[in-house]
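What follows is the residue order along each chain.
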Amino acid sequence: MAKISVVVPVYNEAATIEEVLGRVRETGIAGEIVVVDDGSSDATPEIVARVAEAAPEVRLQRHERNRGKGAALRTGFEKVTGDVVIIQDADREYDPRDYKKLLEPILDGRADVVYGSRFLGGPHRVLFFWHYVGNRLLTVLSNALNNINLSDMETGYKVFRREVLDGMPLRSDRFGIEPELTAKLARRGHRFYEVGIAYDGRTYAEGKKIGWRDGIAALWCILKYGLLRL
């Protein structure tokens, strides 16, 4: 039986982190949950530490200062011990009840990497038109440079066989980690699958952090890593 590791990068999510960890644990799928607190200035690390006292599968890693999602994921990838790794955001936008369908292509031997697509028919909250357009443009450019046909490169739900991450040099500190991962996985010839997922997006008033500057940075990373591949 494959051991499933969940990596949770978190920054200032005191309002949601306990509920998200509860949802992950309720699936009964995670053999370990590695939470990487990326220099939070609120009560997030204290909440995670309290949860970990009662749940031995939860482990807390801390960054002394905020370094970005990419840096938190790198720390998490270094600490996991499972056969399969799931990325779980800490903001309630992604539903752990989708784990079963995300894991299926890997566990039955069809895939090395599975992306949970917000655009393949799952229920989703209707929000920002320009976010949708920007995401589609970034995905199309990434596809063109990496010769793949994803529908949602920027998704927060990415699942990997542990071996595909071993020895992969990742450098992006912030949200550029999404196109960097995609380009380097494609370059190595790994088998991609996508499955439709539910998505309950947040507004900025509700705490959404990604903005247009992150979109520009993602564009730069797509060009950088995609052109290196070519």
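Conventions adopted
Residues numbered from 1 in each chain as written. Predicted model: local features only at pLDDT ≥ 70, side-chain atom pairs only at ≥ 80, totals over all residues. Heavy atoms only, no water. Pairing = 2+ DSSP bridges. Helix = DSSP H or I, 4+ residues; strand = E, 2+ residues; numbered from the N terminus. Axes fitted to C-alpha atoms, helices over the stretch in contact; angles between N-to-C directions. Contact = heavy atoms within 4.5 Å. Phe/Tyr/Trp six-rings, centres within 6.5 Å; stacked < 30°, edge-to-face > 60°. Buried < 20%, exposed > 50% of the residue type's maximum accessible area, 1.4 Å probe, protein only. Parallel < 35°, antiparallel > 145°, perpendicular 65-115°, else oblique. Left-handed = near helix turned anticlockwise from the far one by under 90°. Right-handed = clockwise from strand over helix to strand, strands pointing away. Polar contact = N/O pair within 3.5 Å; in protein donor to acceptor, adjacent residues only side chain to side chain. Arc of directions from axis to C-beta.

Undergrad: So what about the sheet that holds strand E4 (residues 84-87)? Which residues, and what values?
TA: Across the sheet, which stays open at both edges, the seven strands sit in the order E3-E2-E1-E4-E6-E5-E7 with mixed pairing between neighbours. The open sheet is flanked by strand E3 (58-63) and strand E7 (192-196), the only strands paired with a single partner. For this sheet, the mean inter-axis angle between neighbouring strands, taken without regard to orientation, is 20°. Pairing analysis gives three bridges linking strand E5 (residues 113-117) to strand E6 (residues 158-161), with the strands arranged antiparallel. Its bridge partner lying in E6, Val-113 is registered against Phe-160. Helix H2 (residues 44-54) contacts strand E1 (4-10), strand E2 (32-38) and E3 of the sheet and is inclined by roughly 155° relative to E3.

Undergrad: So what's going on with the packing of aromatic side chains? Residues and values would help.
TA: Tallied over the entire structure, the rule returns five aromatic pairs. Ring geometry for Phe-77 and Phe-160: centres 6.0 Å apart, planes at 80°, overall edge-to-face. Of this pair, Phe-77 sits in helix H3 (residues 69-79) while Phe-160 sits in strand E6, placing them 83 residues apart in sequence. Here Phe-160 falls in the buried class, since its relative accessible area comes to 0%.

Undergrad: Break down the packing of helix H1 (residues 17-26) against H2 for me, with residues and values.
TA: Contact pair H1 / H2: the axes reach a minimum separation of 9 Å and the direction vectors enclose 30°. Judged on the interaxial angle alone, H2 and H1 are roughly parallel. For the element pair H1 and H2, the recorded crossing hand is right-handed. Side by side, H1 and H2 meet where Ile-17, Glu-18, Leu-21 and Arg-25 of the first sit next to Thr-44, Ile-47, Val-48, Arg-50, Val-51 and Ala-54 of the second.

Undergrad: Hey, could you go over the pairing of E3 for me, with residue numbers and the actual values?
TA: With six bridges joining them, E2 and E3 adopt parallel strand pairing. Bridge pairing links Ile-33 to Val-58 in E3. In terms of handedness, the path from E2 via H2 over to E3 forms a crossover that is right-handed.

Undergrad: Explain the side chain of Asp-98 residue by residue, including any values.
TA: For Asp-98, the location among the structural elements is in the loop between E4 and helix H4 (99-107). Here Asp-98 falls in the buried class, since its relative accessible area comes to 8%. Dropping the residues within four chain positions of it, Asp-98 is found in contact with Tyr-157, Ile-197 and Ala-198.

Undergrad: Please provide a residue-by-residue account of the environment of Ser-142, values included.
TA: Within the secondary structure, Ser-142 sits in helix H5 (residues 129-146). Considering only alpha carbons, one finds Ser-142 and Leu-219, 77 residues apart in sequence, at a separation of 8.7 Å. Each residue touching Ser-142, except ones within four places of it in the same chain, is listed here: Met-153, Thr-182 and Ile-222.

Undergrad: Provide a residue-level description of the environment of Arg-118, including the pertinent values.
TA: Its place among the elements puts Arg-118 in the loop between E5 and H5. Taking the C-alpha atoms as reference points, Arg-118 and Glu-194, 76 residues apart in sequence, are found 9.9 Å from one another. A distance of 2.7 Å separates the side chain of Arg-118 from the side chain of Asp-152, its partner in a polar contact.

Undergrad: So, the environment of Ile-33: which residues are in play, and what are the values?
TA: Mapped onto the elements, Ile-33 comes out in strand E2. By relative accessible area, which is 0% here, Ile-33 ends up buried. As a C-alpha pair, Ile-33 and Val-85 span 52 residues in sequence and 9.8 Å in three-dimensional space. Leave out the neighbours within four places in its chain, and Ile-33 touches Val-6, Val-8, Leu-21, Val-24, Arg-25, Glu-57, Val-58 and Arg-59.

Undergrad: Which residues make up H4, and what values go with them?
TA: Those residues of H4 not exposed but buried are Tyr-99, Leu-102, Leu-103, Pro-105 and Ile-106. The buried side chains of H4 occupy one side of the element, clustering within an arc of 155° when seen end-on. Where the residues of H4 are buried, they touch E1, H1, E4, E5, E6 and E7. In the stretch just after H4, Gly-109 is the one whose phi turns positive, near 85°.

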